[in-house]
Amino acid sequence: MRVPLIAGNWKMYKDVNESVEFVTTLKNIFKDVPEDKVEIAVCPPFTNLKVVNDVIKGTNIKLGAQNLYPKQEGAFTGEISPLMLRALGVHYVIIGHSERRQYFNETNEFINEKVKVALNYGLFPILCVGEKLKEREEGKTFDVVKDHITGGLKDIPKDKIIYITIAYEPVWAIGTGKNATPEQAEEVHKYIRSLIKDMYDENIAQKVRIQYGGSVKPENVKSLMSMENIDGALVGGASLKVDSFEKIVKFYE
Ligand code: PGA
């Protein structure tokens, strides 16, 4: 049984005070959410990880970071190491988000290095994959997704893959208000699961969680989550407001 993971990716939103106020509210409204129904995570900017952890420690909300640099320490001005994230109580780390691929030129090789380092330091990667609009229109969706999956998971051993969550995020659906239909998403999720099966085995493929991301809202979460191979959501815009994030997390009600 795969417990769905609903994670809020705050991106570069919310300062330190807004973050504390926000999670203080979330902590109360989510206190009765059963952990066998849904796992909850928030991924604030680096600057707010500590204060957010102080509020959510011991609750059913897990802490995630949005990135890391794949070295333990060193002369890498402006970067944050996996060890530093661990020391702050971080559990999940988003890796290879399309905004990082697009604006910071992150390659599959670099993303793969980050996944490996994250695992070595006991962090749980959320590996993002997904095609751009042009690629979908040209019928290249499966090729792009395969390239992201095989590249991002290169040399990840069998005993580690289950600690990774995959997030299928079609780039054309991110922040656009235009989500993939449940059928469009399910088709790709099913394909991703078949790739994992080919790379590992059926048993592992059944265990790995595959989240959907891209304009997830209270209005579409239920239908997306009803799909067999969709195991949660990575939520951007709608995770920044209490009302919409609450409805998304409580999709099962
Ligand atoms: P969105 O972002 O929900 O605002 O489309 C999703 C994401 O980028 O993870």
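Before reading on, note that the structure itself is shown above.
Residues numbered from 1 in each chain as written. Predicted model: local features only at pLDDT ≥ 70, side-chain atom pairs only at ≥ 80, totals over all residues. Heavy atoms only, no water.

Caption draft 1: Molecular detail of the site of the ligand. The full set close to the ligand counts 13 residues, and Lys 11, His 97, Glu 169, Gly 175 and Ser 215 are the nearest of them. Between Glu 169 and the ligand, the recorded distance is 2.7 Å, taken from a side-chain N or O atom to an oxygen atom. Considering the ligand on its own, with 280 Å² of exposed area, one finds that the protein chains cover 95% of that surface. A per-class count over the shell around the ligand returns four nonpolar, seven polar and two charged. (Near = heavy atom within 4 Å. Polar contact = N/O pair within 3.5 Å; in protein donor to acceptor, adjacent residues only side chain to side chain. Areas by Shrake-Rupley, 256 points an atom, 1.4 Å probe, with all protein chains shown as cover. Nonpolar A, V, L, I, M, F, W, Y, C, P; charged D, E, K, R; others polar.)

Caption draft 2: Up close: the pairing of strand 8 (residues 232–235). Side chains of strand 8 alternate between two faces, with Gly 232 and Leu 234 and Ala 233 and Val 235 buried alike. Where strand 1 (residues 5–9) meets strand 8, four bridges bridge the pair, whose relative direction is parallel. Within strand 8, the position partnered with Ala 7 by the bridge is Leu 234. Here two bridges tie strand 7 (residues 209–213) to strand 8, and the two strands are oriented parallel to one another. Across the sheet, the residue bridging to Tyr 212 is Ala 233, located in strand 8. Assessed by its sense of winding, the connection that carries the chain from strand 7 through helix 11 (residues 218–225) to strand 8 is right-handed. (Buried < 20%, exposed > 50% of the residue type's maximum accessible area, 1.4 Å probe, protein only. Helix = DSSP H or I, 4+ residues; strand = E, 2+ residues; numbered from the N terminus. Pairing = 2+ DSSP bridges. Right-handed = clockwise from strand over helix to strand, strands pointing away.)

Caption draft 3: Representation of the sheet that holds strand 4 (residues 92–95) within the structure. With parallel pairing, the eight strands of this closed barrel are ordered in space as 1-2-3-4-5-6-7-8. With strand direction ignored, the average angle separating the axes of adjacent strands in the sheet is 25°. Pairing analysis gives three bridges linking strand 2 (residues 39–43) to strand 3 (residues 61–65), with the strands arranged parallel. For Val 42, the partnering residue across the bridge sits in strand 3 and is Leu 63. Sheet strands in contact with helix 7 (residues 141–152) are strand 5 (124–129) and strand 6 (165–168), and its direction is about 155° off that of strand 5. (Axes fitted to C-alpha atoms, helices over the stretch in contact; angles between N-to-C directions. Contact = heavy atoms within 4.5 Å.)

Caption draft 4: The packing of helix 5 (residues 108–120) against helix 7, seen in detail. Between helix 5 and helix 7, the shortest axis-to-axis distance is 8 Å and the interhelical angle comes to 45°. By the angle class used here, helix 5 and helix 7 are oblique. Crossing geometry of helix 5 relative to helix 7 is assigned as right-handed. Residues Asn 108, Asn 112 and Val 115 of helix 5 touch helix 7, and the partners they reach there are Asp 147, His 148, Gly 151 and Gly 152. Of the residues belonging to the contact of helix 5 with helix 7, the class tally is one nonpolar, five polar and one charged. (Parallel < 35°, antiparallel > 145°, perpendicular 65-115°, else oblique. Left-handed = near helix turned anticlockwise from the far one by under 90°.)

Caption draft 5: Representation of the packing of helix 1 (residues 16–29) against helix 12 (residues 242–249) in the model. Direction vectors running N to C along helix 1 and helix 12 enclose 35°, while the axes themselves pass 11 Å from each other. Regarding helix 1 and helix 12, the two cross each other, and that crossing is right-handed. For the pair helix 1 and helix 12, contact is made by Phe 22, Thr 25, Leu 26 and Ile 29 and by Val 242, Phe 245 and Glu 246, respectively.

Caption draft 6: The arrangement of helix 9 (residues 182–199) in detail. Taking 1.5 Å per residue as the helical rise, helix 9 with its 18 residues ought to reach 26 Å, and the 25 Å between its terminal C-alpha atoms agrees with that figure. Of all the residues in helix 9, the buried ones are Pro 182, Ala 185, Glu 186, Val 188, His 189, Tyr 191, Ile 192, Arg 193, Leu 195 and Ile 196. (Expected span 1.5 Å × (residues − 1).)

Caption draft 7: Looking closely at the pattern of salt bridges. According to the stated counting rule, one finds 17 salt bridges in the structure shown. When the shortest N-O distance is used, the salt bridge between Arg 2 and Asp 231 registers 2.9 Å. Of this pair, Arg 2 sits in the segment before strand 1 while Asp 231 sits in the loop between helix 11 and strand 8, placing them 229 residues apart in sequence. The residues Arg 2 and Asp 231 share a single accessibility class, namely buried. Several salt bridges share partner residues, and in doing so they unite Arg 2, Arg 193 and Asp 231 into one network. (Salt bridge = Lys/Arg side-chain N within 4 Å of Asp/Glu carboxyl O.)

Caption draft 8: Main features of the nonpolar core. Grouped together as the largest cluster of nonpolar side chains are 66 residues, with contacts concentrated most on Leu 153, Ile 166 and Ile 192. If you tally residues by element for this core, the top one is helix 9, at six residues. Listed in part, the 10 residues of the second largest apolar core include Leu 5, Ala 41, Tyr 92 and Ala 167. (Core = buried A, V, L, I, M, F, W, Y, C linked by side-chain atoms within 4.5 Å.)

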